[in-house]
Amino acid sequence: MTAGSAAPRPSRTSSGGRQKRGALIPTVIAVVVLIAAFVGFTQVYTNILWYDQLGYLRVFVTQNITVISLFIISALVVAGLMFLSLWLAYRSRPKQNAAQTTDTMRKYQQALDPVRKIVMIAVPLIFGLFAASTIATQWQTIALFFNQEPFGQTDPQFNLDLSFYVFTLPFLRLLLGFLVTALLLAGVAGLLMHYVYGGIRLHERGIDSTRAARVQLGSIAAAFLALQAVNFWLDRYSTLTSNSGKWTGALYTDVEAVIPTKGILAIAALLVAILFVVAGFIGRWRLPLIGAAMLVVVAVVAGGLYPWAVQRFQVTPTEQALENEYIQRNINMTRQAYGLDDTEVTPYDATTQTEQGALREDTETTSNIRLLDPNVVSSAFAQLQQFRPYYQFPDMLNVDRYEIDGEVQDTVISTRELNPDQIDGWYNQAVVYTHGYGVVAAYGSQVQADGKPEFMQSGIPSTGEISDSYEPRIYFGENSPQYSIVGGSEGDAPLELDRPQTNDDDAGDAKTTFGGNGGPGVGNWFNRLAYSIKFQSTDMLLSDAVRDESQILYDRNPRERVEKVAPYLTVDGNPYPAIVDDKVVWIVDAYTTATSYPYSTPSVLQDATQDTQTAQGAAATLPPERVNYIRNSVKATVNAYDGSVDLYAWDDQDPVLKSWQKVFPETIKPYSEMSADLMAHVRYPEDMFKVQRELLNRYHVTNANSFYANDDVWSVPNDPTQQDRDVAQPPYYLSMRMPGEDQANFSLTTSFIPQQNETGNTRNVMYGYLSANADAGTGKDGVKSEDYGKLRLLELPRSSVVPGPGQAQNVFNSDTDVSTELNLLRQGASEVINGNLLTLPAGGGMLYVQPVYVQSSGDAAYPTLRRVLVGFGEDVGFAPTLEQALDEVFGGDSGATTANGAGVSEAEAREAQGDSAEGGATGNEQDGASASPSPSPSGSAPAPRSSSLQEALDNANTAMQEADQARRDGNWAEYGEAQERLQQAIDEALEQDGATG
């Protein structure tokens, strides 16, 4: 190097760049992990805030601690067993020289040694996490086992308390499956480690193994066989819940062949397990391998072939005699599991013959016949009571009852909720439009003279006969926004739109500030940030509408709130609102279920509860859960203003509920704390009733011999008003008096017809009629009626000719006079809508009543009642009022007493229908109940139809036939003349019909 030459400098740029790039990637990863962790934390944190505000934080904590504990414990058990097996195999590896190790094994060892410690920890941990995730999802099974309550009843085979099958057996099955999985994983891990490090060597002469390998693998095999012995033993009890035979439960073959052989197999498996332990120490595998082979053979022969032979050659030739006892067990236990064992069955020799005065003894039934169909009149509620486009009513309204002037009235009721689809912009959606307003209710058995609903509670502000002082704001409902920011300090300006001031569209709307405790606070910056992340909203974070005392309301659907605070319950698909103690509350029914009730036939909830309402989306569908025990154990209420949830132990003797009360103490109140007003609005739940009626299709038969013959199977009839859908008719709530009862009760009812075959040629006649007493009120706080939930079944003779619902609808549709009048109602592009077909036991037979609505064309049109159809046997009545229609059927004088307003005045109905077709001007009325109901016809009953009206109808029918023939012939001149005659006949008929109405 020459003097003065500079030494080369290191390149700072290149090394610094590499360092920066090398540090950048870990930094980015760390930031991403921290962000993901914070997002996950906010989800947990907001859940804690939600549960804590609602008062059910203990449910959230208990459930999550249980799940996390199970996850950790099960992961450690699997990982621990696998690690122990790997560690033992490695520690006991033989000391081999190079000559004894093959090239292949040497390569395996060289590849494994550098990462062996990591593999021995990571692999067991990974498998442990997978196994733990399955166990954690079964937290309910484990929680019930450790908190189980006895049933106080024993099974008919082993005389064990039923709690063993409902709580213990599912847990033991789960535990057994988990341990078998853990042992298999540990065995495979140990086997591979022994193989890699020479504990097991394969060569041409066979397999060589060290004593340590033999002892370890032999012990694992023995433990596996011991678990199989337990499995065989538990199989004996599982026969009582088996569905492998024609009937659920242990049948003759199970009792005489399967149960004994399972016991023998259990003992044999234990003996073979001992042989494997001995073989592990002495190194002789012949005997245990022979024993294992024999065990397999015995399992196939004794566990499969022998029961098959017993079934084929002993049972099948004399099946009815041998299975009789076990069929009876199935009948008794199934009816018990579904609450059918106390059903009161009454023979009912229904007549189809009509006579004058036949309904004189059925006043309590005929005066309560509901003419307002909750599935039809929603649009009428909307046009008459919606007032603003940001309000809406659900497609299906609800049926309840209220005491008005000392009389209990069936009521069609709904809340006026927000319509979020009509609201744009974050500020409007989250801050301004936060709640619906008011309850709208109408009499079920009466209408106004023009066919509109007769409201008993309506308007804004909400007034009426139910209450003038209740809290009308609906913050929590079935159509609430995703979330709302509400509340504020005392001096803050109100931001929420409360209600229209008047009906004038130009007038300003009232403002309000939420004053309850309905949701977590978002006044501090951290909560606001957490909820901004939860709902992915920067507006929430930046908006000045979020103030110091603001709350956030979310998860506002009543069903969802009950499901979250009681995750162990199955919630009914149709919550309903009620005004209770001057508050609007949603009443929600909930069920406890089980899947392993002995000898009980299982039912799939989703299938059993399908009907017109679920098919149309009007009621939520239950999950596809397979159960064989159900109780309506809990009644829940959700306050529509502040969202508070109260759970009441309705069936406080249910062992499943009592077990859950031990898991989540102090979360369920006794029903004795329910007010008398709340009791008065509790009703028998629809989904429970649907499951019960589905079982009663077969299990109305209580004699084993008849049940075996399978010659008396029923079906729930299809809904006759849905011609294009093969769906079940929903049950209906009615106030009625069943034959043999002293007074009318609010009831849930359904019909039964013979089992329908695929060809559809089966007789559609009435075989049974089921009623559940749905009235729990006694007028006293915390006291429910002793008759509540009582099931009463009317059984008709199997020679019955009483029309079923489908046949009754066909009789209506095929009646010439009815068809002619319906064609008249359809004039001017009007639509005729058949309401629900109600079935009532009255007059010594079955009375069918169907309201008929007409809806004119036009965007603002809505259905109004125009006629009432009545059927009894083959006789049909069709008139503007219920009384007239009944009289037409029963010889001019039915003897019935009907409600005031049970029908329409034809002249006013035509006028109102014309107003509706022109744009629905009545849709902005302040109170749709302004019109007074028409009085019932008095004096002597009219003749079935006046001769003038009948003549006009005949002329109209003739004119229609002539017009149709002229059209086919191409004679347009004659066609025009026929149309003129038709119009004249229509005008005359309407005039005559209005005069008699």
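What counts and how
- Residues numbered from 1 in each chain as written.
- Predicted model: local features only at pLDDT ≥ 70, side-chain atom pairs only at ≥ 80, totals over all residues.
- Heavy atoms only, no water.
- Helix = DSSP H or I, 4+ residues; strand = E, 2+ residues; numbered from the N terminus.
- Buried < 20%, exposed > 50% of the residue type's maximum accessible area, 1.4 Å probe, protein only.
- Contact = heavy atoms within 4.5 Å.
- Areas by Shrake-Rupley, 256 points an atom, 1.4 Å probe, with all protein chains shown as cover.
- Pairing = 2+ DSSP bridges.
- Axes fitted to C-alpha atoms, helices over the stretch in contact; angles between N-to-C directions.
- Expected span 1.5 Å × (residues − 1).
- Bend = angle between axes of the 7 residues up to and from the residue.
- Phe/Tyr/Trp six-rings, centres within 6.5 Å; stacked < 30°, edge-to-face > 60°.
- Lys NZ or Arg CZ within 6 Å of the ring centre and 35° of its normal.
- pLDDT = per-residue confidence, 0-100.

**Notes on the overall build of the protein chain**
Scanning the protein chain from terminus to terminus reveals 28 helices and 34 strands. Of all 997 residues assigned to the protein chain, the portion counted as buried reaches 53%. Taking as baseline every contact in the protein chain between residues at least 6 positions apart, the subset at least 24 positions apart corresponds to 72%. Counting only carbon and sulfur atoms, one obtains 52% of the accessible surface of the protein chain, whose full area is about 43200 Å².

**A few points about the sheet that holds strand E5 (residues 398–404)**
Reading across from one edge, E5-E6-E9-E10-E11 is the order of the five strands in this open sheet, with antiparallel pairing throughout. For this open sheet the edge positions go to E5 and strand E11 (463–464), each flanked by a neighbour on one side alone. Pairing between strand E9 (residues 439–447) and strand E10 (residues 453–458): three bridges, direction antiparallel. Bridged to alanine 442 within E10 is phenylalanine 455. Packed on one face of the sheet, helix H12 (residues 378–385) meets strand E6 (407–415), E9 and E10 and runs near 60° to E10.

**Looking at helix H9 (residues 286–315)**
In this model, H9 (30 residues) spans 40 Å end to end at C-alpha, consistent with the 44 Å of a helix rising 1.5 Å per residue. Maximal helix bending in H9 amounts to about 30°, located at leucine 305; proline proline 307 follows within four positions. By the burial criterion, the buried members of H9 are Pro288, Gly291, Leu295, Ala302, Pro307, Val310 and Val315.

**A few points about the pairing of strand E27 (residues 745–754)**
Buried residues dominate E27, accounting for 10 of its 10 residues. Bridge count for strand E25 (residues 714–715) against E27 is two bridges, and the pairing is antiparallel. Bridge pairing in E27 places tryptophan 714 opposite proline 754. Here strand E26 (residues 732–736) pairs with E27 via five bridges, running antiparallel. In the sheet register, serine 735 faces E27, and the bridge partner there is phenylalanine 746. The sheet contact formed by E27 and strand E28 (residues 768–773) spans six bridges and is antiparallel.

**Here's the deal with helix H25 (residues 882–889)**
The buried count for H25 comes to eight of eight residues, which makes it a mostly enclosed element. Within H25 the residues assigned to the buried category are Leu882, Glu883, Gln884, Ala885, Leu886, Asp887, Glu888 and Val889. Positive backbone phi, at 60°, marks glycine 891, one or two positions downstream of H25.

**Comments concerning the packing of aromatic side chains**
Inspection of the entire model under this criterion finds 45 aromatic pairs. Summarising the aromatic geometry, the rings of phenylalanine 145 and phenylalanine 146 are spaced 4.9 Å apart at their centres and angled 75° between planes, so their arrangement reads as edge-to-face. Joined through ring pairs, the aromatic side chains of Phe38, Phe41, Tyr45, Trp525 and Phe526 make up one cluster. Stacked on the ring of tryptophan 233, the Lys or Arg arginine 236 has its end atom at 3.9 Å from the ring centre.

**What about the confidence of the model for the protein chain?**
When pLDDT is averaged along the protein chain, the result is 87; 88% of the residues meet or exceed 70. Overall, residues 1–5 carries pLDDT values under 50, and its contacts beyond four positions in sequence, including any with other chains, amount to zero contacts. Segment residues 916–946 is flagged for pLDDT under 50; beyond a separation of four residues in sequence, or across chains, it makes 79 contacts in the model.

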